[in-house]
Amino acid sequence: MKNILYIFLLALFVYSCGSSGGKNFPADRISNAENDTVRIANDSLEYEIIIIEPGFDLFINSYAKPRGYYSQNYLENKNQFLVSEYNQRVRQPMVYNPNLYINEINYDPSIDYGYEVNYLLYNYFVYFSNQYNQRFSVPTRI
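Note that the structure is a prediction, hence the values are computed from the model and not measured.

Parameters and conventions
- Residues numbered from 1 in each chain as written.
- Predicted model: local features only at pLDDT ≥ 70, side-chain atom pairs only at ≥ 80, totals over all residues.
- Heavy atoms only, no water.
- Core = buried A, V, L, I, M, F, W, Y, C linked by side-chain atoms within 4.5 Å.
- Buried < 20%, exposed > 50% of the residue type's maximum accessible area, 1.4 Å probe, protein only.
- Helix = DSSP H or I, 4+ residues; strand = E, 2+ residues; numbered from the N terminus.
- Contact = heavy atoms within 4.5 Å.
- Salt bridge = Lys/Arg side-chain N within 4 Å of Asp/Glu carboxyl O.
- Phe/Tyr/Trp six-rings, centres within 6.5 Å; stacked < 30°, edge-to-face > 60°.
- Lys NZ or Arg CZ within 6 Å of the ring centre and 35° of its normal.
- Expected span 1.5 Å × (residues − 1).

Colleague: So what exactly am I meant to see when it comes to the nonpolar core here?
Modeller: The tendency in soluble globular proteins is for nonpolar side chains to be buried as a group. Judged by nonpolar contacts, the single largest core of 32 residues is most densely connected at Phe56, Tyr86, Phe125 and Phe128. The element that contributes the greatest number of residues to this core is helix α5 (residues 115-131), accounting for ten residues. If we skip the residues at most four places from it in the chain, Phe128 touches Tyr86, Leu100, Tyr101, Asn133, Gln134 and Phe136.

In structure tokens form, the structure reads like this:
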């Protein structure tokens, strides 16, 4: 199976760097959710997204806008810019924390990944920016 999109294996990283609470959701509820893994795979499209991040599952189920709130076009446009900026930060470990920006994201805007992959990827950026107090040039809001 052709795997185009793998997102982060961050569980070890979170334990090693320690996290501070995000501004928009209670840190005590996030820290209680350990070893969250969200995997979305579509074998017919041959794309998958894997997010291993403590607290992300709680975030997606409790704080994120519901599926269908954003259009797929909106999510694709946001993801294109967010992935580009994220990948630039991965390539600059002397400027940006290499414990936060570990792997590049292989996201091709000309490919239709479907709604679910785009929804989870965008919400990961929302979670990431709030949890680790990171700001992107494209706003990420809950």
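Colleague: Please clarify how the pattern of salt bridges should be interpreted in this entry.
Modeller: Working definition: two side chains of opposite charge can pair if their charged atoms are close together. The final tally for this structure, using the stated rule, is three salt bridges. With its nearest N and O atoms 2.7 Å apart, the salt bridge here joins Glu116 to Arg67. Note that Glu116 is positioned in helix α5 and Arg67 in the loop between α3 (56-62) and α4 (72-90), a separation of 49 residues in sequence. Exposure remark for Arg67: the relative accessible area of 44% places this residue in the partly exposed category. Among the ionic pairs, Arg91 bridges to Glu104, the shortest N-O distance being 3.0 Å. Residue Arg91 is found in the loop between α4 and α5, and its partner Glu104 is found in the loop between α4 and α5; the two are separated by 13 residues along the sequence.

Colleague: Just checking my understanding: could you explain the packing of aromatic side chains for this structure?
Modeller: Two descriptors summarise a pair of aromatic rings, namely the distance from one centre to the other and the angle between the planes of the rings. With the rule as written, the count across this model stands at 22 aromatic pairs. Ring centres of Tyr86 and Tyr101 lie 5.1 Å apart, and the angle between their planes is 55 degrees; on these two criteria the pair is classed as tilted. Placement of the pair is Tyr86 in helix α4 and Tyr101 in the loop between α4 and α5, with a sequence separation of 15 residues. A relative accessible area of 3% means that Tyr101 is categorised as buried. Members of the aromatic cluster, joined through ring pairs, are Phe56, Phe59, Tyr63, Tyr86, Tyr96, Tyr101, Tyr124, Phe125, Tyr127, Phe128, Tyr132 and Phe136. The side chain of Lys65 reaches across the aromatic face of Tyr69, ending 4.9 Å from its centre.

Colleague: Would you mind going over the side chain of Asn79 with me for this structure?
Modeller: By the element assignment, Asn79 lies in helix α4. Not counting chain neighbours up to four residues away, the residues in contact with Asn79 comprise Tyr107, Asn118, Leu121, Tyr122 and Phe125.

Colleague: Is there a simple way to explain the environment of Val126 in this structure?
Modeller: Within the element layout of this structure, Val126 appears in helix α5. A sequence separation of 67 residues divides Val126 from Phe59, and the C-alpha atoms of the two residues are 9.6 Å apart. With sequence-adjacent residues up to four places away left out, Val126 is seen in contact with Phe59, Thr140, Arg141 and Ile142.

Colleague: Could you clarify how one ought to interpret α5 in this entry?
Modeller: Note that an α-helix has 3.6 residues per turn; residues three or four places apart therefore point the same way. Spanning 17 residues, α5 covers 24 Å between terminal C-alpha atoms, matching the ideal 24 Å at 1.5 Å per step. Across the 17 residues of α5, 15 count as buried, placing the element largely inside the fold. At the C-terminal side of α5, Asn133 shows a positive phi close to 50 degrees.

Colleague: Sorry if this is basic, but what is going on with the environment of Ile51 here?
Modeller: Position of Ile51 among the secondary structure elements: in strand β2 (residues 47-52). When the C-alpha atoms of Ile51 and Leu121 are compared, they prove to be 8.7 Å apart, with 70 residues separating the residues in sequence.

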